[in-house]
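Close look at the chain arrangement
Letter by letter, the chains look like this.
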Amino acid sequence: MKKQFLLLFIFSVSLYVHGQKNYNLTSPDGNIQVSVSLSDKIEYDVICQNEILLKQCKLAMETGTQRLGINPGLLNVRHKRVNESLSPVIPLKFSTVPNWYNLLLLNFKGGYSVEFRAFNDGIAYRFITDKKGMIEVKDETLEINFPENYLLHAQQPASFKTAYEEEYSHLESKDWQSSGPMALLPLLIDTRKGNKILFSETALTDYPALFLKSSGDNRIFSVFPKVPLEFGEDGDRSLQILKEADYIAKTNGKRSFPWRYFVISTNDGQLVENTLSYKLAEKNVLDDTSWIQPGLASWEWWNGAIPYGPDVNFVAGCNLDTYKYFIDFAAHYGIPYIVMDEGWAMSTRDPYTPNPAVDVHELIRYGKEKNVGIVLWLTWLTVENNFGLFETFGKWGVKGVKIDFMDRSDQWMVNYYERVAREAARHHLFVDFHGAFKPAGLEYKYPNILSYEGVRGMEQMGGCRPDNSVYLPFIRNAVGAMDYTPGAMFSMQPEIYCSERPNSASIGTRAYQMALFVIFESGLQMMADNPTLYYRNDECTRYITRVPQTWDETIALEVNVGEYVIVAKRNGDKWYIGGITDNRRQERIFDLNLDFLKPGKSYRMTSFEDGINANRQAMDYRKKETTLKKGDKITVRLARNGGFAAVIE
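Residues numbered from 1 in each chain as written. Predicted model: local features only at pLDDT ≥ 70, side-chain atom pairs only at ≥ 80, totals over all residues. Heavy atoms only, no water.

**As for the layout of surface pockets**
- Approximately 450 Å³ is the volume attributed to the largest pocket.
- Lining the largest pocket are 25 residues, and of these Tyr-337, Val-372, Gly-373, Gly-397 and Lys-399 lie nearest its centre.
- Breaking the lining of the largest pocket down by element, the ones donating at least two residues are helix H4 (320-333), helix H5 (360-370), strand E26 (373-379) and helix H7 (389-396).
- In terms of residues, the lining of the largest pocket owes the most to one element, H5, which gives 4 residues. (1 Å grid on protein atoms, 1.4 Å probe; cavity = no way out; pocket = protein on both sides within 12 Å on 5 of 7 lines; lining within 4 Å. Points joined across faces, edges and corners; volume = space filled by probe spheres on them. Helix = DSSP H or I, 4+ residues; strand = E, 2+ residues; numbered from the N terminus.)

What follows is the structure, encoded as C-alpha cells:
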C-alpha cells in the first residue's frame, strides 16, 4: 500500500523551479518520463531510465488571433490512468493490443489544452482547442533538441510534392545543415545510448502532414505545406498548385489535433512490435466491417501482363484472355484478388467506359465464378472528378480500388484520403493508396483502407535494395500497412543485376523474397510476378499463398536496425518465421530459441533457406522439413542480401 501511495504522489507532483512550473508524467512501468515545464513557453524533456534523450523540446501553435503555448496561463491539471485492451479490425501485429498509459492534461486560458500520454514504449502529445467556429492555423511549432550528436535515419524529399519513396539517408544530427533538405515522417533517431526513438504522427485528419527541417545547431523543427487555393492543369493524373494560403489549415475550432508520438526503445525489437500509432488513432467508425477481407492479390503491372509457355495459346497483354489467365492462376492457389492496373479503361480520365479488349464486366462475372475479386486502378484526379464511381463500382461488383499519384499531403489532400475512404466504405469497397504519404491513423478509423504505398518498393527495380529495405520494419512499416509489392521469382545479387519489364527481377535471394511476405505488413499483399514463374516455382508459391495477412501475435527474435530482422508471427495455431539481412556480410548465423511454442506438442517446420551458392547465384535455396518442440533451437544462416522463411505447425 505504501508503495502504491508513493507512486501516485510522484505521478501527481508539480514543482516550481526558477519561476517555472514543472510537471512529470511517468510510464506505467516507471522507465519513461516526460518532464513538462511552463514559463513563457511550453517545453518538455524526454527521459528513459534516468537518461535525458530529448531536452527542452518546444511546442506551440499560432492561429489567426492567438499564439497557443506562448506565455501560457494554466487553469488546471488533470491526471488519469488507463489500462484497457483493444482489438484492431485488421490486426497486422496483434489481435489484442494492451493500451496502458498515464495521462497528463494541461488546460490553459484562451480555450486550449495540451495532452501528454506516457506508455511503456513511448510518449505522445497533442493540442486540443475549444473555440467557436472555424480557425486558421498559421503554423505549429514542434522543436526537438538533441543533447548530443545522434544518428538520424530519414527520407529526404526535394519538396512537399513527394510519393514518400526516397531512399533512406543516414545523417549525423550535428551535420544536418539548415540549408539541407527536409525530412518526412517517420524519422528514426539513434541516440547511441542504447535507445532508439521512432518519431511520427497519428490521428491525422483535416490537417497537413508534418515535415522536419534542421536549425543547423543539433535541433530540428516542423514545417508544413500550406493550404492550396487555386489549381491548374498538370496532365491526366495530377494538378498544379497555382496559389497557396498563408495558413496551413482552416479547421473547426473545437477539435483535437494530430498526435505527435515517440516510440522509445531499449532494444530494436520494440520498434518492430510497437503499436503506438494504433493506440493513439481514432477507432473504427464503420458499423459493419464483416465485408472487409484482407488478402493476397495477383498484380500484372510489374510483370508486364505477359504470361507465356505451352499453356498460353493467346496473345498476352492488356486483354480479356490475359486477365482470365490471371484469375485462373489466382483461383488455383486460393488468391482472393487480382489488381487490374492502368489500361483496363479506355481512358485514365474516364472510369465508366471499360476498354472493350479487356471487358471488365465479363471479368467480374468470371472472377465471381472462380471466387476471385477484381481491384481497379485509378488516378486520384479521376476519382476526384468522378466521385460517383464508388457507387457504380459497387453495383458492378468490384471489390476494391487502387488510387494513385496523390504525391501531396497538404490539408486538402489529407481530407481527400478521408473522403475517399468514407465513400468507398459506403459501397463496400476497400482502398489501396499508391503515390501516397505514410499511414497516419486513418486506416484504423476506416479499416477498409487495407494498405498504403509510401515506400521505396519493388517498383523501383534496381533502386530497391536490401540495404535500404532492411530498415523498413523499424521505420516505415513500424507505423502502418505498407504496399511494397514483393514476390519476385527472378532473384539477383546487386553486382550482376539487370531487369526490364516483362522480365522483372529483384535484388536479394529467393529466400529473401519469400521472407518478405512474413515480415512486411499489409492488409492487401501483392504477388508482383508473372503467373508463369509462380507455376514453375510451385513449392515457393504454395508457401507464399499460405502466409496470412493478419496476425494474432508478433515476436522480434533477432533484430538490428539496418542489418537484419528475424520475426516470428502467429495466426491461430500456426507460426511463421521470416528473416532478411543486408549486403554487408557474406553470411550471418543465428541460433533461434523456439520458446514461444506450446509445451507438450510436436511441431513440423517447413523452411526455405539460402542455398550454399546464394551469395553469387541468388536463386539458390533449400527446402527443409524438421520436427520440433518447445525449447528447441534452430540455426538460421542468411547469405548476403539473404533470407529465411518457415511455417511451423
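**A word on the state of the cysteines**
- Evaluation of the coordinates by the stated rule reveals 0 disulfides.
- The structure places no disulfide on Cys-540, whose sulfur is separated from the nearest cysteine sulfur, that of Cys-464, by 19 Å.
- We classify Cys-540 as buried; its relative accessible area is 0%. (Disulfide = S-S within 2.5 Å. Buried < 20%, exposed > 50% of the residue type's maximum accessible area, 1.4 Å probe, protein only.)

**Here's the deal with empty space enclosed by the protein**
- Per the counting criterion, the structure on display carries 6 cavities of 30 Å³ or more.
- Of the voids in this model, the largest cavity is the one considered here, and its volume is about 150 Å³.
- Forming the boundary of the largest cavity are 19 residues, of which Leu-92, Lys-93, Thr-275, Tyr-278 and Tyr-444 lie nearest the centre.
- Residue contributions to the lining of the largest cavity peak at 3 residues, all from helix H3 (residues 276-280).
- Residues of the lining of the largest cavity, tallied by class, amount to 12 nonpolar, 5 polar and 2 charged. (Nonpolar A, V, L, I, M, F, W, Y, C, P; charged D, E, K, R; others polar.)

**Topic: the sheet that holds strand E28 (residues 430-433)**
- Overall, parallel pairing links the 7 strands, which are arranged E29-E28-E27-E26-E23-E22-E32 in an open sheet. The two strands at the open ends of the sheet, each matched to only one other strand, are strand E29 (449-452) and strand E32 (524-527). Each strand axis lies, on average, 25° off the axis of its neighbour in the sheet, ignoring direction.
- Across 5 bridges, E26 lies against strand E27 (residues 400-404) in parallel orientation. Looking at E27, one finds that Val-375 is bridged to Gly-400. (Pairing = 2+ DSSP bridges. Axes fitted to C-alpha atoms, helices over the stretch in contact; angles between N-to-C directions.)

**Structural notes on the pattern of salt bridges**
- Applying the stated criterion to the full structure yields 52 salt bridges.
- Notably, a salt bridge pairs Glu-282 with Lys-445, separated by 3.5 Å at the nearest N-O pair. A residue pair is termed long-range when its members are at least 10 positions apart, and Glu-282 in the loop between H3 and strand E22 (295-299) and Lys-445 in helix H9 (residues 442-445) qualify at 163 residues.
- Given the relative accessible area of 33%, Glu-282 is considered partly exposed.
- Lys-445 gets classed as buried once you look at its relative accessible area, which sits at 13%.
- Overlapping salt bridges bring together Glu-43, Lys-58, Glu-143, Asp-217 and Arg-219 as one network. (Salt bridge = Lys/Arg side-chain N within 4 Å of Asp/Glu carboxyl O.)

**Topic: the pairing of strand E21 (residues 259-265)**
- Where burial is concerned, most of E21 is hidden: 7 out of the 7 residues are buried.
- Burial along E21 is two-sided: the face carrying Trp-259, Tyr-261, Val-263 and Ser-265 and the face carrying Arg-260, Phe-262 and Ile-264 are both buried.
- Pairing analysis gives 4 bridges linking strand E10 (residues 122-145) to E21, with the strands arranged antiparallel. Bridging from a neighbouring strand, Ala-124 pairs with Tyr-261 of E21.
- Where strand E15 (residues 196-202) and E21 come together, 7 bridges link them in antiparallel fashion. By the bridge assignment for E21, Lys-196 is matched with Ser-265.

**Comments concerning unusual backbone geometry**
- Of note, the bond from Leu-185 into Pro-186 is cis; its omega dihedral lies within 30 degrees of zero at 5°.
- Residue placement: Pro-186 occurs in the loop between strand E13 (183-184) and strand E14 (187-190).
- Of note, the amide linkage connecting Arg-501 to Pro-502 takes the cis form, showing an omega dihedral of 10°.
- Locating Pro-502 in the fold gives a position in the loop between strand E30 (491-492) and strand E31 (506-507).
- If you check the backbone angles, Met-461 has positive phi at about 50° while not being a glycine.
- Inspection of the secondary structure assignment puts Met-461 in the loop between E29 and helix H10 (466-469).
- The phi dihedral of Asn-641 is positive, around 55°, even though this residue is not glycine.

**A closer look at H5**
- Those residues of H5 not exposed but buried are Val-360, Glu-362, Leu-363, Ile-364, Tyr-366 and Gly-367.
- The inward-facing, buried residues of H5 abut H4, strand E23 (337-340), strand E25 (350-354), E26 and H7. (Contact = heavy atoms within 4.5 Å.)

**Concerning the side chain of His-427**
- Its location among the elements puts His-427 in the loop between helix H8 (411-426) and E28.
- Residues contacting His-427, with those up to four places away along its chain left out, are Phe-390, Glu-391 and Gly-394.

**So, the side chain of Gln-549**
- Within the secondary structure layout, Gln-549 lies in the loop between helix H13 (538-544) and strand E33 (553-560).
- Side-chain polar atoms of Gln-549 contact the backbone oxygen of Val-547, separated by 3.0 Å.
- Sequence-distant contacts of Gln-549, that is, excluding residues within four places in its chain, are made with Leu-92, Pro-294, Gly-295, Leu-296, Ser-522, Gly-523 and Gln-525. (Polar contact = N/O pair within 3.5 Å; in protein donor to acceptor, adjacent residues only side chain to side chain.)

**A few points about the sheet that holds strand E38 (residues 621-628)**
- Taken together, 6 strands build an open sheet; the order of strands is E33-E34-E35-E40-E37-E38 and the sheet is antiparallel. The strands lining the two open edges of the sheet, one partner per strand, are E33 and E38. If you compare each strand with its neighbour and ignore which way they point, the axes differ by 15° on average.
- Of the strand pairs in this sheet, strand E37 (residues 603-610) and E38 are connected by 8 bridges, and their pairing is antiparallel. Across the sheet, Met-605 pairs through a bridge with Thr-626, a residue of E38.
- Each of strand E34 (564-571), strand E35 (574-581), E37, E38 and strand E40 (643-648) is contacted by helix H11 (residues 510-519), which is oriented at about 125° to E35, the strand it contacts most.

**Focus: the confidence of the model for the protein**
- Here the protein shows a mean pLDDT of 96. Residues at 70 or above account for 97%.
- Contacts for the low-pLDDT stretch residues 1-18, under 50 throughout, to residues beyond four places or in other chains number 23 contacts. (pLDDT = per-residue confidence, 0-100.)

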